[in-house]
Amino acid sequence: MVLQRRVTAVLGPTNTGKTHYAIERMLGHRTGVIGFPLRLLAREVYDRIVKARGPSVVALVTGEERIVPERTQYWVCTVEAMPTDIGADFLAIDEIQLCGDPERGHVFTDRLMNARGLVETMFLGSDSMRPAIAALIPQTQFVRRDRLSTLSYTGSKKISRMPPRSAIVGFSVDDVYAIAELIRRQKGGCAVVMGALSPRTRNAQVALYQNGEVDYLVATDAIGMGLNLDIKHVAFSATHKFDGRRMRHLFPHEMGQIAGRAGRHMEAGTFGVTGEASPLDEDLVAAIEEHRFAPVRKLMWRNDALDFGSAERLIASLEAPTGNEWLMRTREADDLMALKALTQMPDMADRLRAGPRAVKLLWDVCRIPDFRSTTGSDHVGLLHRLFGFLQDGRIPADWLKKAVARIDRSDGDIDALSKRLAYIRTWTYVAQRKGWVEDESHWRDETRAVEDRLSDALHARLTQRFVDRRTSVLMRRLKQKESLVAEVNDKGEVTVEGEFVGRLEGFRFGQDASASGEEARVMRQAAYEALRPEFHLRADRFYNAPDTEMDFTEQGGLMWGSAAVGKLVAGSDAMKPQVEAFVDEEAGPEVTEKVKRRLQHFIDRKVAALFEPLTNLNRDESLQGLARGFAFRLVEGLGIVSRESVADDVKALDQEARSSLRKHGVRFGQYTIFLPLLLKPAPTRLRLVLWSLAKGLQEFPESPPPGLVTIPNIPDVPKEHYTLAGYRPAGTRAIRIDMLERLADLLRAKDSRAGFEATPDMLSITGMTLEQFADLMGGLGYKGEKGERAKQRRAEAPAQVTEGSVAPIPEEVSVLAPAEDTTAPEAVEGEAAPEMEVFYTFTWAPRPRNENRGPRREGQGNRGPRREAGETQGNRPERAPREAREGGKREDRPRGDAPRREGKPGGKPEGRRDEHRKGGKPGKDQGHKPKSYEARPPRAEKPIDPDNPFAALLALKGKV
């Protein structure tokens, strides 16, 4: 049974719903094919059908894009690329009036006469095609569709007076860009639509217009080809165009097609002229308004029965005449011109001797469009090279890779990106041809990805150049007196109606610096109009925020997260700083006062928490007399006082006064008097800030990085800065004062007259090498004499380090001989020279200086370096008899004022604090015997290499 093939022509003006009707008819069939004049329109319809039926059954085929699922039912194509031999139930051709187009008309005419669906065929277009279709296809059924809205002429208008939702049409790229630039300056911006744009760029530009981000569209006559846009008015900037061969006036039906884009569905539209275009005459206006155009009398045609016997016979078949009165042979197209040029090349005669297959391949190569619009010779040269590759097999992958790589760049201006897009379209077309390249899917994806990147870059350049989005949106909202919606993201970026206008840092608005003049004024006005409620909301959140969200900087700034919201200023005394809030004047006095109160609460609580021991000391009314005065000195020094600066006061304190101060945690060290709790990193940071505020410094000293036992001693930095930071300079470095006091406890147990060596405990406390330790000791008043000796074998392995014990000294800095493998055979005497080691002998040799401290007696300890099992004291000097040591002359060595219990000198230290010391029998020398302030072993400290480049990077850079 033969199916009855129905042919229908749905004709009428624009805005009649013809395309929508054809799509609905196609989806009513099992399979279908529909062809469009532009790949932009094909892509738009493809996306629409995919939403309705899913991507697995819809194919998109254009010259540069091919998406064909395995279970394809519906094909959406450009007319040139549509398959006509797949046996689809439904077939449709849109804009069939293009049969009369001088350039592409022969393709549409071929589809009109030869392409059919198995069940239904439909042609869509202008009513001017009715006589030609009726004559060429007598069995056609005609359906007339009337326009859904009216279209009227409004005359000539200046671009500055163009109504919103208008499209201005130009007929060259230069005209489009010039009009777009003028609209940007006068109206805030516009979208740009041209046929040469990729679908991705075009869709992005259309989205700007359709979403209302801009009210104006500047386009070529490409918008007349079925693109559905929300346009109320169409203005012609010219009434003539270059058609590829010559300048000519627009045909009335062409102007009607373009003007008909105004008014969608039931909404009326208008059209007119602008710029240098002359007003339209009355007959042309009437024809466009009433959709009355002269019928198409001649259709462009080219013979489709091609002869591939030879190049000459192919050319002859392409130029064959027609005897049909409705048909006219098309003018020489680009592909025919390329074919003639290639056949004239010297080597082509030999290449084409292969026969019809070579001629057919040459014709396929000649049909590659000249997307680049280069000179004829350049395009022909490219085709010649491609033909050579294909005749030898396939296009080499490495050659194609280099060609694509040269194009894959997103830099440059609009013209550069447009040229690259045209170039990549050539390689996209090549990749779509079956058998031309290896790994076709790879190259299709690769060229598509490059085109997408270039399309996005071109859209960005077009928007940057022709759209002042902020001014356009903000001016429109302000004129309409609408409430503006402001948003502040987590980075502090302020957007008003989706447009970036600046950055809100805390409670201060920083306007985008790129704006200037009128734009800056409008932007600032819009931003503050929208930010007023935001200031109050943010102030409420800030007032209720916990203290953990706030902090102070080492330069006295006050931070809320990463935003600066104020700064500290000097108060009545060092421990009572005041605050200054950073709030814009536009936020209002209520917001300013709320922010200021919250900042004052924060810093008051911070001082109270970090300096609680000092506050308690200051408030203790039980302290009387000298103790009260000494407490005032400690408060004035913010918890740290150099002993040498208060030597007379310390001498004057009796044991009862000292005991009352120790109850508050005051530690009387040999070098510094301090509260240990205030040496932690947080109190140290705050102490430096408070002291700097009280002194009125412009730049505050910074606190050292936490965890460092020593830091560089920079000569230009005042010693007072080191003291406030919790360090004491000694030699080329400064040592943390609590670790210095632990070192002093060990030094008091040594015989400084006869000399002593550094112990592992000393090096562990300081984290130094032996040479660095010698420099430190020199800064403390000790003289170090360097010597060498043979290393001695250890008799036992070092003890395991446990929590709370002294950390082991690295082998390269240890003053002890390294452990040897006791299982190894002993070296025979004379076979090798013994390994030597460096050691230092330290004696007390203070530099002359004015001190308020009295002399200190010599030789108070008998502990030497750690000895191995079975080892004697070696080269340590013999100790003098006790009577000689007790009655001998005393040295001028630094001393603490804490009494030692009586007993053997150098014996076990007393308890952790003086007030808990065990009672010893008092004697005449009791007040001169050193004591240790901690009975437990020193806490293990992580050795820190003072020469580590990272530690040097964290150095004070000219200040603590």
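Cut-offs and rules
- Residues numbered from 1 in each chain as written.
- Predicted model: local features only at pLDDT ≥ 70, side-chain atom pairs only at ≥ 80, totals over all residues.
- Heavy atoms only, no water.
- Helix = DSSP H or I, 4+ residues; strand = E, 2+ residues; numbered from the N terminus.
- Buried < 20%, exposed > 50% of the residue type's maximum accessible area, 1.4 Å probe, protein only.
- Arc of directions from axis to C-beta.
- Contact = heavy atoms within 4.5 Å.
- Patch = residues over 30% accessible without salt bridge, like charges linked within 9 Å, V, L, I, M, F, W, Y side chains within 5 Å.
- Areas by Shrake-Rupley, 256 points an atom, 1.4 Å probe, with all protein chains shown as cover.
- Salt bridge = Lys/Arg side-chain N within 4 Å of Asp/Glu carboxyl O.
- Lys, Arg positive; Asp, Glu negative; His and termini not counted.
- Charge placed at Lys NZ, Arg CZ, Asp CG, Glu CD.
- Core = buried A, V, L, I, M, F, W, Y, C linked by side-chain atoms within 4.5 Å.
- Pairing = 2+ DSSP bridges.
- Axes fitted to C-alpha atoms, helices over the stretch in contact; angles between N-to-C directions.
- Expected span 1.5 Å × (residues − 1).
- Polar contact = N/O pair within 3.5 Å; in protein donor to acceptor, adjacent residues only side chain to side chain.
- Phe/Tyr/Trp six-rings, centres within 6.5 Å; stacked < 30°, edge-to-face > 60°.
- Lys NZ or Arg CZ within 6 Å of the ring centre and 35° of its normal.

Re the environment of Ala 305
Moving on, step 1. Its place among the elements puts Ala 305 in the loop between β17 (299-301) and α9 (311-318).
Moving on, step 2. Each C-alpha atom, one on Ala 305 and one on Leu 318, is 8.2 Å from the other, the two residues being 13 residues apart in sequence.

Some points on helix α14 (residues 397-407)
Moving on, step 1. Those residues of α14 lying buried are Trp 399, Leu 400, Ala 403, Val 404 and Ile 407. Taken end-on, α14 shows its buried residues confined to a sector of 130°, consistent with a single buried face. Within α14, the exposed residues directed more than 90 degrees away from the buried face are Asp 398, Lys 401, Lys 402 and Arg 406.
Moving on, step 2. Residues of α14 that are buried make contact with α13 (376-392), α15 (414-432) and α16 (440-466).

A look at the environment of Met 113
Moving on, step 1. Counting through the fold element by element, Met 113 comes out in helix α3 (residues 105-114).
Moving on, step 2. Residues Met 113 and Leu 136, 23 residues apart in the sequence, show an inter-C-alpha distance of 7.4 Å.

Concerning a negative patch on the surface
Moving on, step 1. Residues Asp 174, Asp 175, Glu 276, Asp 413 and Asp 415 make up a contiguous surface patch of negative charge.
Moving on, step 2. Within the secondary structure, Asp 415 is located in helix α15.

So, the nonpolar core
Moving on, step 1. Grouped together as the largest cluster of nonpolar side chains are 70 residues, with contacts concentrated most on Phe 507, Phe 611, Phe 630 and Leu 661.
Moving on, step 2. Broken down by element, the residue count for this core peaks at 8 residues, all from helix α18 (residues 517-543).
Moving on, step 3. Leaving out residues up to four positions away in the same chain, Phe 507 has contacts with Phe 535, Arg 538, Ala 539, Phe 542, Trp 560, Val 565, Phe 582, Val 583, Asp 584, Val 591 and Val 595.
Moving on, step 4. Of all hydrophobic cores here, the second largest spans 65 residues; its members include Ile 183, Ala 235, Leu 361 and Ala 431.

A look at the pairing of strand β13 (residues 233-236)
Moving on, step 1. Both faces of β13 are covered, namely the face carrying His 233 and Ala 235 and the face carrying Val 234 and Phe 236.
Moving on, step 2. For strand β10 (residues 166-169) and β13, the ladder comprises 4 bridges, and the chain directions are parallel. Bridge pairing in β13 links Val 169 to Phe 236.

A few points about the sheet that holds strand β22 (residues 508-511)
Moving on, step 1. Pairing is antiparallel across the open sheet formed by 4 strands, whose spatial order is β19-β20-β21-β22. Each edge of the open sheet carries a strand with a single partner, namely β19 (486-488) and β22. Strand-to-strand twist of the sheet, defined as the mean angle between neighbouring strand axes without regard to direction, takes the value 30°.
Moving on, step 2. Direction of pairing for strand β20 (residues 493-496) relative to strand β21 (residues 499-505): antiparallel, over a ladder of 4 bridges. Within the sheet, the bridge partner assigned to Thr 495 lies in β21 and is Phe 500.

A short note on α15
Moving on, step 1. Taking 1.5 Å of rise per residue, 19 residues should cover 27 Å, and α15 covers 27 Å from first to last C-alpha, within 8% of that figure.
Moving on, step 2. Most of α15 is tucked away, with 14 of its 19 residues classed as buried.
Moving on, step 3. Looking at where α15 begins, the residue whose side-chain oxygen comes 3.4 Å from the main-chain nitrogen of Asp 415 is Asp 413.

Re the packing of aromatic side chains
Moving on, step 1. Within this structure, the stated rule accounts for 15 aromatic pairs.
Moving on, step 2. Summarising the aromatic geometry, the rings of Tyr 840 and Phe 842 are spaced 6.1 Å apart at their centres and angled 15° between planes, so their arrangement reads as stacked. Side by side, Tyr 840 and Phe 842 carry an identical accessibility label, which is buried.
Moving on, step 3. One aromatic cluster in this structure is built from Phe 756, Phe 773, Tyr 782, Tyr 840, Phe 842 and Trp 844.
Moving on, step 4. Here Arg 145 stacks its cationic end above the ring of Tyr 21, 5.2 Å away from the centre of that ring.
Moving on, step 5. The residue whose ring lies beneath Arg 789 is Phe 839, and the NZ or CZ to ring-centre distance is 4.3 Å.

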